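Residues per chain are reported as follows:
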Amino acid sequence: MLVAVLSDIHSNLRALEAVLVSIGSVDAIWQLGDVVGYGPDPEAVVQRLREAGAIGVRGNHDAAAVGDLSTEDFNADARVAVEWTRTHLSEETRAYLAALPEVLVPDGFDFTLAHGSPRDPIWEYLTDTRAARENLSAFATSRCLVGHTHVPLILRQKGIHMEGLDVDAEDRLQLDERRAILNPGSVGQPRDRDPRASYLLVDTAAGHATWQRVRYDVEATQEAMLVAGLPPRLARRLSFGV
Ligand code: ZN
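### So, the overall build of the protein chain
Here's step 1: Counting secondary structure elements, the protein chain contains eight helices and twelve strands.
Here's step 2: Over its C-alpha trace the protein chain gives a radius of gyration of 17 Å, about what one expects of a compact globule, namely 18 Å for 242 residues.
Here's step 3: Seen through its C-alpha atoms, the protein chain measures out along the principal axes to roughly 50 × 35 × 30 Å.
Here's step 4: Sorting the 242 residues of the protein chain into buried and exposed places 57% on the buried side.
Here's step 5: Within the protein chain, contacts between residues at least 6 apart in sequence are counted, and of these 70% link residues at least 24 apart.
Here's step 6: Counting every atom, the protein chain has about 10200 Å² of accessible surface; 48% of that belongs to carbon and sulfur.

The following block contains the structure:
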């Protein structure tokens, strides 16, 4: 089975469309949350993902956008974007986002999906090996897929510890008996100084995972954000991948 793993799309329709073209034909699309927030096209992004048959979990921005999470812990720009998003969702899309689970194990797969981490799906940023090790007891499958940091990363078992491996575009990881937590990076707002949309392709038969980067029309997204009245700083950062 060929599975595309998308995270942190953040209402960036142009980035999502470019990624869907790049993906081509796959057996499944999994999304790791923060479908909305920051970007200018929340409604269209959710509809496009649903059309593509994606399944997945919700992130902190999705929860806040449907009123299930206070925006107190969001920074000022993110809060403005969440509040804007709340007024740009149809009733149907709001219900869809509200019904997304926080953790998901797709039927028949050895993968757990969560936005931040399996033990704290909405908020924890999994960036270090110690937190990764503590999280191993919070999921039962061999692999866990997380987003939230917007930075591609591999955290893998090494003896009784975990090791962290940075990821470059087109890096391929052979999946073996070691348990691992993989982050595909962000489709709609990358933060690893590469503005291209990031995603992960998992080939379960061949047993490997490959990180991919895709160029999209960043300026068109920025223009749409400014027209929508979203914070200019959120638009600018897309040029730099920060
Ligand atoms: Zn996010």
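### What to know about empty space enclosed by the protein
Here's step 1: Using the criterion set out here, one finds one cavity of 30 Å³ or more in the structure.
Here's step 2: Quantified by volume, the largest cavity comes out at close to 50 Å³.
Here's step 3: Every residue along the wall of the largest cavity is listed here: His10, Asn12, Tyr38, Gly39, Gly188, Gln189, Met225, Leu234 and Leu238.
Here's step 4: Taken together, the residues that form the lining of the largest cavity break down as four nonpolar, five polar and no charged.

### Comments concerning the pairing of strand β8 (residues 161–166)
Here's step 1: Pairing between strand β7 (residues 153–158) and β8: six bridges, direction antiparallel. The residue bridging Ile154 from the neighbouring strand is Leu165, located in β8.
Here's step 2: Linking β7 back to β8 in an antiparallel pair, the connection comprises two residues, with Gly159 at a positive phi of about 65°.

### A look at unusual backbone geometry
Here's step 1: Although it is not a glycine, Ser11 sits at a positive phi angle of roughly 55°.
Here's step 2: Among the structural elements, Ser11 can be located in the loop between β1 (2–6) and α1 (13–23).
Here's step 3: Here the phi dihedral of Tyr38 falls at roughly 75°; this positive angle occurs in a residue that is not glycine.
Here's step 4: Of note, Tyr38 is situated in the loop between β2 (28–31) and α2 (42–51).
Here's step 5: Overall, Tyr38 belongs to the buried group, its relative accessible area being 7%.

### Regarding the sheet that holds strand β12 (residues 208–214)
Here's step 1: Read across the open sheet, the six strands follow the order β3-β2-β1-β11-β12-β9; overall the sheet is mixed. Each end of this open sheet is capped by a strand with a single partner; those strands are β3 (55–56) and β9 (172–174).
Here's step 2: α1 contacts β1, β2, β11 (197–203) and β12 of the sheet and is inclined by roughly 30° relative to β11.

### Focus: the packing of aromatic side chains
Here's step 1: A complete count under the given rule lists three aromatic pairs for this structure.
Here's step 2: Ring centres of Trp30 and Phe109 lie 4.9 Å apart, and the angle between their planes is 90°; this geometry places the pair in the edge-to-face category. You can see Trp30 sitting in strand β2 and its partner Phe109 sitting in the loop between β4 (103–104) and β5 (111–114), a full 79 residues away along the chain. In terms of burial, Trp30 and Phe109 fall into one category: buried.
Here's step 3: Site record: aromatic cluster; members linked through ring pairs are Trp30, Phe109 and Phe111.

Each value, and the rule that gives it
- Residues numbered from 1 in each chain as written.
- Predicted model: local features only at pLDDT ≥ 70, side-chain atom pairs only at ≥ 80, totals over all residues.
- Heavy atoms only, no water.
- Helix = DSSP H or I, 4+ residues; strand = E, 2+ residues; numbered from the N terminus.
- Rg over C-alpha atoms; globule rule 2.2 N^0.38 Å.
- Buried < 20%, exposed > 50% of the residue type's maximum accessible area, 1.4 Å probe, protein only.
- Contact = heavy atoms within 4.5 Å.
- Areas by Shrake-Rupley, 256 points an atom, 1.4 Å probe, with all protein chains shown as cover.
- 1 Å grid on protein atoms, 1.4 Å probe; cavity = no way out; pocket = protein on both sides within 12 Å on 5 of 7 lines; lining within 4 Å.
- Points joined across faces, edges and corners; volume = space filled by probe spheres on them.
- Nonpolar A, V, L, I, M, F, W, Y, C, P; charged D, E, K, R; others polar.
- Pairing = 2+ DSSP bridges.
- Axes fitted to C-alpha atoms, helices over the stretch in contact; angles between N-to-C directions.
- Phe/Tyr/Trp six-rings, centres within 6.5 Å; stacked < 30°, edge-to-face > 60°.

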